[in-house]
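Coordinate inspection notes
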Amino acid sequence: QDTPFGGWPSHLICEARLKPCATDVTDVRSGVRRRLAGVAVAAAVGLLSACATEEPGVNVRPPPPPTETREVVETLHGVEIRDPYRWLEDQEAAETRAWIDLQNAYTDTLLAPLSSRGELETLAATVLEVDTIGLPNERGGRYFYSKRQADQNLSVLYVRDQLDGDDRVLVDPHPLSPDHTISVSYLDISRDGRLVVYAVRDGGVDEVSIHLRDVDTGEDLDDMLPAARYGNVTVNPDKTGFYYERYGDVTPKVMFHALGTDPSADTQLFGDGYQLHHIPVSLLSDDGRWLLVHVIEGSSGPTEIHLKDLTTEAPFTTVIKDGLSESWAEFAGDQIVITTNLDAPNKRVMVADPGSPAVDQWREIIPERKDVVIQEARGLGGQLAVSYLQDVQPRVAIHDLSGAKVRDITFETLGSVGGGAGRWTSDEAFFTFQSYHRPNTIYRYDLETGAQTVWAQVEVPIDTDRYEVTQTWFASKDGTRVPMFVTHRADVVLDGANPTLLTGYGGFNLSRTPAFSSLAAVWLESGGVFAEANMRGGGEFGENWHRDGMLERKQHVFDDFISAAEHLIAEGYTSPEHLAIRGGSNGGLLVGTVSNQRPDLFGAVVCTYPLLDMVRYHKFLVASFWVPEYGSSEDAEQFAYIHAYSPYHNVDAVAQYPATLYITGDGDTRVAPLHGRKMAALMQATHGATTPVLLRYHTDAGHSGGQPVSQQIEEMVDTVSFLLWQVE
């Protein structure tokens, strides 16, 4: 029969029925070269199911379906590069779509029978099917926020006409799609609270369409911007229009849309001379006079700042453009407050007058400190809320405009402080606090008195008092001290047998602090230990820490993560057979790389929405944003170190690999899902006969969230059941 297995008899595709059969399967599979276009997926599923259940009581795992190889060889900088699965880069080709269906069927065949799934589904629903509420923003005496009730799939946009008023639905996304894959979010609110701008996202794509709604009538205006990659959107004070950013698929622009006009007539205010890898971020002063535009070189490169007086025809004034430093400006009344690493790797806070904003006119109000990293200074209630990290533990302090400290904002346990929603002319602000096992709590804070009260709290029906979060330090390969947070039950026994999940990120100057994770909660409730390492490449210890894990020093990130795993083993938390790792996006690159470099160290890997073909990554979607962080294979010097760790090009055909689950999907318009497709095919061909190598491929989810709760539960069950299957 013409099956996707090339007519293999069912007794040959049952791996491990007999030892000779396993050898025969390998030999047969290595010679298969069959196109997948038009294959009968249903027949494949039937064969797999029959194979998996043909002999009751015998643990039989069918091998992965074979993927055709097509020889592609090119030479870069004198090095021969083979790419046998390049044909899978064509996402819309019929043969790729058939291959995706077959991969999902194979994944279902192996995961569906796992006995833990029923209990995990109940547990995941307990964690995820709860009321959630977003940080409120007050405008014109009204409070705007998102909220999802426990029995809902998606967050709904709400408004209250006063602080303790009734919730009123403003935008409900549930009727927009039968499968609840279309979501909505706030973009901006007019100063009088009578007009909102909101985004509509289809699946998990980065692109959104922009809509406006009259808060009093609940009706949308005719103005609508079609789906694209937008940045900030800001309504001007008199509500005659709004400013917005376009970038990604076009060179970066800051535009103005006048209400009631065709978007094709929108005016460009800023953007000439920039390239696709530049990212604009604009801010409007409260009085609508001044427009700040930041331009970031890639996702974590140097930042330049420009300022325009919108009451005149004068061009933008350059605030800073040195090609080296990272600065961020905010309005604080009639002043500009700038957080910068200019001559200060741990950052300092400066102020400037909009009339003379150049660097030589800046005045330092909060100097750099060696023991903390300043993250942001925000103007609230006539003061500055300054957030910073001290040994990767978030803190917030209130300062006046002279820089003098007024007070700290404190919380009772180790966790992350965020938010800071409020206005310069109001004493009211809202902050969030959370930790790995403690869901988000929103506090209302009085900037004048320092009083804080709980405004909203997510209630998850788990006993959080059973767990504790500790911070531990370990030495990396080169001796650098690296911290890691470890969460576990208070009575954990350090006998080396605990199922342990280690995660991390290590890139783009992003700091990973203790924040609530539904995955961590499910893992902890399943009896595991959860750990997150703060590798170099992040922003935990300032710009020097970031630079020590980027470009030619990227290997430091992988060394740090490997050392974190070794530390967990040495301290008795776990052992290689009980240690799992997970990472997404840049974290997917992390776990893909370390599983190549130390496959002996891990029992299982979950690699989500990852970068894996680092030789070609920069050619797809918005990946040019990341060249300042990784480098590009088009540069001979950068190619050498990129090729040395690129997961797709460094699979060890001889080593015994951990079981691996790749997760990606069509809706990822940030990291091209071709990475997961190609890597899964290669790993299945190389190691699929000896260890499970699976691909879960979503056709309606992506990098930017937007998944209904039902899909989040499904992915959670896939992830945790797979990991427990391997390391429990």
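Below is a short write-up of the structure. Remember, it's a predicted structure, so these values are computed and weren't measured experimentally. (Residues numbered from 1 in each chain as written. Predicted model: local features only at pLDDT ≥ 70, side-chain atom pairs only at ≥ 80, totals over all residues. Heavy atoms only, no water.)

Here we look at the overall build of the chain
- Scanning the chain from N- to C-terminus turns up 12 helices and 39 strands.
- A globule of 728 residues ought to have a C-alpha radius of gyration of about 27 Å, and the chain, at 26 Å, matches this closely.
- The C-alpha extent of the chain, read off along each of the three principal axes, is 80 × 60 × 55 Å.
- Per-residue burial for the chain yields a buried fraction of 59% across its 728 residues.
- Accessible surface, the chain: about 27900 Å² in total, of which carbon and sulfur atoms supply 47%.
- In the chain, the 58 positive side-chain charges and the 103 negative ones have mean positions that sit 2 Å from each other. (Helix = DSSP H or I, 4+ residues; strand = E, 2+ residues; numbered from the N terminus. Rg over C-alpha atoms; globule rule 2.2 N^0.38 Å. Buried < 20%, exposed > 50% of the residue type's maximum accessible area, 1.4 Å probe, protein only. Areas by Shrake-Rupley, 256 points an atom, 1.4 Å probe, with all protein chains shown as cover. Lys, Arg positive; Asp, Glu negative; His and termini not counted. Charge placed at Lys NZ, Arg CZ, Asp CG, Glu CD.)

Some points on the nonpolar core
- The biggest cluster of nonpolar side chains holds 64 residues, and the ones touching the most others in it are Met 484, Leu 502, Trp 626, Tyr 630 and Tyr 662.
- Of all the elements, helix 7 (residues 555-570) adds the most residues to this core, at seven residues.
- Excluding residues that lie within four positions of it along the chain, Tyr 662 makes contacts with Cys 607, Leu 612, Met 679, Ala 680, Met 683, Val 693, Leu 694, Leu 695 and Arg 696.
- Counting residues in hydrophobic clusters, the runner-up holds 45 residues, among them Val 392, Trp 523, Val 709 and Val 717. (Core = buried A, V, L, I, M, F, W, Y, C linked by side-chain atoms within 4.5 Å. Contact = heavy atoms within 4.5 Å.)

Topic: empty space enclosed by the protein
- A complete count under the given rule lists three cavities of 30 Å³ or more for this structure.
- Lining the largest cavity are Val 591, Gly 592, Ser 595, Asn 596, Val 605, Tyr 657, Thr 660, Tyr 662, Met 679 and Met 683.
- Sorting the residues of the lining of the largest cavity by element identifies helix 8 (586-597), strand 38 (659-665) and helix 11 (674-687) as the ones contributing at least two each.
- The dominant element in the lining of the largest cavity, judged by the number of residues it contributes, is helix 8, at four residues.
- Across the lining of the largest cavity, the residue classes break down as six nonpolar, four polar and no charged.
- If you add up the space inside the second largest cavity, you get close to 40 Å³.
- Along the walls of the second largest cavity sit Pro 136, Asn 137, Glu 138, Arg 139, Ala 421, Gly 422, Arg 423, Ser 426, Glu 428 and Phe 430, which together make up its complete lining.
- Of all the elements in the fold, those that place two or more residues in the lining of the second largest cavity are strand 4 (137-139), strand 28 (416-422) and strand 29 (428-434).
- Sorting elements by how many residues they give to the lining of the second largest cavity places strand 4 first, with three residues. (1 Å grid on protein atoms, 1.4 Å probe; cavity = no way out; pocket = protein on both sides within 12 Å on 5 of 7 lines; lining within 4 Å. Points joined across faces, edges and corners; volume = space filled by probe spheres on them. Nonpolar A, V, L, I, M, F, W, Y, C, P; charged D, E, K, R; others polar.)

Side note on the pattern of salt bridges
- Counting across every chain of the model gives 45 salt bridges.
- One salt bridge in this structure joins Glu 326 and Lys 347, with 3.4 Å as the shortest N-O distance. In this pair, Glu 326 sits in the loop between strand 19 (317-320) and strand 20 (327-332) while Lys 347 sits in the loop between strand 21 (335-340) and strand 22 (348-352), placing the two residues 21 residues apart along the sequence.
- Of the residues examined, Lys 347 reaches a relative accessible area of 12% and is grouped as buried.
- For Glu 543, the salt bridge is made with Arg 547, and the minimal N-O distance between the two is 3.0 Å. Of this pair, Glu 543 and Arg 547 both sit in helix 6 (residues 543-547), four residues apart, which is roughly one turn of that helix. (Salt bridge = Lys/Arg side-chain N within 4 Å of Asp/Glu carboxyl O.)

With respect to the sheet that holds strand 19
- Taken together, four strands build an open sheet; the order of strands is 16-17-18-19 and the sheet is antiparallel. Pairing within the sheet leaves two strands with one partner each, and these edge strands are strand 16 (278-284) and strand 19. Between one strand and the next, the sheet's axes are offset by a mean angle of 25 degrees, whatever the strand orientation.
- Where strand 16 meets strand 17 (residues 290-297), seven bridges bridge the pair, whose relative direction is antiparallel. Within the sheet, the bridge partner assigned to Leu 283 lies in strand 17 and is Leu 292. (Pairing = 2+ DSSP bridges. Axes fitted to C-alpha atoms, helices over the stretch in contact; angles between N-to-C directions.)

Let's talk about the packing of aromatic side chains
- Tallying each qualifying case throughout the model produces 20 aromatic pairs.
- Pairing Tyr 436 with Phe 530 gives two aromatic rings, centres 5.7 Å apart and planes at 55 degrees, and the pair type is tilted. Here Tyr 436, found in the loop between strand 29 and strand 30 (441-446), pairs with Phe 530, found in strand 35 (residues 529-533); they are 94 residues apart in sequence, far enough to count as distant. Like Tyr 436, the residue Phe 530 is buried in the burial classification. (Phe/Tyr/Trp six-rings, centres within 6.5 Å; stacked < 30°, edge-to-face > 60°.)

Overview of the side chain of Asn 596
- Here Asn 596 is to be found in helix 8.
- Separated by 3.0 Å, the side chain of Asn 596 and the backbone oxygen of Pro 647 make a polar contact.
- In this structure Asn 596 touches Pro 647, Asn 650, Val 651, Asp 652, Tyr 657 and Met 679, once residues within four positions along its chain are discounted. (Polar contact = N/O pair within 3.5 Å; in protein donor to acceptor, adjacent residues only side chain to side chain.)

A word on helix 10 (residues 636-645)
- Of all the residues in helix 10, the buried ones are Phe 639, Tyr 641, Ile 642 and Tyr 645.
- Elements in contact with the buried residues of helix 10: strand 1 (73-76), strand 2 (79-82), helix 7, helix 8 and helix 9 (627-630).

A few points about the packing of helix 4 (residues 117-128) against helix 5 (residues 518-525)
- One can describe the packing of helix 4 onto helix 5 by two numbers: an axis separation of 10 Å at closest approach and a directional angle of 135 degrees. The orientation of helix 4 with respect to helix 5, classified from their angle, is oblique. Where helix 4 crosses over helix 5, the handedness of that crossing is right-handed. Only Ser 518, Ala 521, Val 522 and Glu 525 of helix 5 make contact with helix 4, whose side of the interface consists of Leu 120, Leu 123, Ala 124, Val 127 and Leu 128.
- The residue inventory of the contact of helix 4 with helix 5, partitioned by class, reads seven nonpolar, one polar and one charged. (Parallel < 35°, antiparallel > 145°, perpendicular 65-115°, else oblique. Left-handed = near helix turned anticlockwise from the far one by under 90°.)

Describing helix 5
- By the criterion of burial, helix 5 is predominantly enclosed, with seven of the eight residues buried.
- Looking only at helix 5, the buried set comprises Leu 519, Ala 520, Ala 521, Val 522, Trp 523, Leu 524 and Glu 525.
- Where helix 5 begins, the side chain of Ser 517 points an oxygen toward the backbone nitrogen of Leu 519, at a separation of 3.3 Å.

Description of the sheet that holds strand 25 (residues 383-390)
- The sheet built from four strands is open, its strands ordered 24-25-26-27 with antiparallel pairing. Since the sheet does not close on itself, it has two edges, and those belong to strand 24 (373-380) and strand 27 (405-409), each with one partner. Averaged over neighbouring strand pairs, the angle between their axes works out to 25 degrees when direction is ignored.
- One ladder, built from seven bridges, connects strand 25 with strand 26 (residues 393-399); its direction is antiparallel. Considered in strand 26, the bridge of Val 386 is made with Ala 397.

Looking at the environment of Thr 699
- As for its position among the elements, Thr 699 is in the loop between strand 39 (693-698) and helix 12 (709-727).
- Take Thr 699: its relative accessible area is 49%, and that puts it in the partly exposed class.
- When near neighbours in sequence (up to four residues on either side) are disregarded, Thr 699 contacts Arg 97 and Asp 666.

A look at a negative patch on the surface
- On the surface, Glu 121, Glu 129, Asp 131, Asp 151 and Glu 714 cluster together into a patch of negative charge.
- Positionally, Glu 129 belongs in the loop between helix 4 and strand 3 (132-133). (Patch = residues over 30% accessible without salt bridge, like charges linked within 9 Å, V, L, I, M, F, W, Y side chains within 5 Å.)

What about unusual backbone geometry?
- Its identity is not glycine, yet Lys 347 carries a phi of approximately 75 degrees, on the positive side.
- Even without being a glycine, Leu 551 presents a positive backbone phi close to 50 degrees.
- Within the secondary structure, Leu 551 sits in the loop between helix 6 and helix 7.

Quick notes on the pairing of strand 13 (residues 241-246)
- In terms of burial, strand 13 is a largely internal element, six of the six residues being buried.
- Alternating residues of strand 13 divide into Gly 241, Tyr 243 and Glu 245 and Phe 242, Tyr 244 and Arg 246, and every residue in both groups is buried.
- Sheet topology places strand 12 (residues 230-235) next to strand 13; four bridges connect them, and they run antiparallel. Considered in strand 13, the bridge of Val 235 is made with Phe 242.
- A loop of five residues connects strand 12 with strand 13, the two strands running antiparallel in sequence, and Lys 239 in this loop sits at a positive phi of about 60 degrees.
- In this structure, the hairpin formed by strand 13 and strand 14 (residues 253-258) is closed by a connection of six residues, where Gly 248 is found at a positive phi of approximately 95 degrees.

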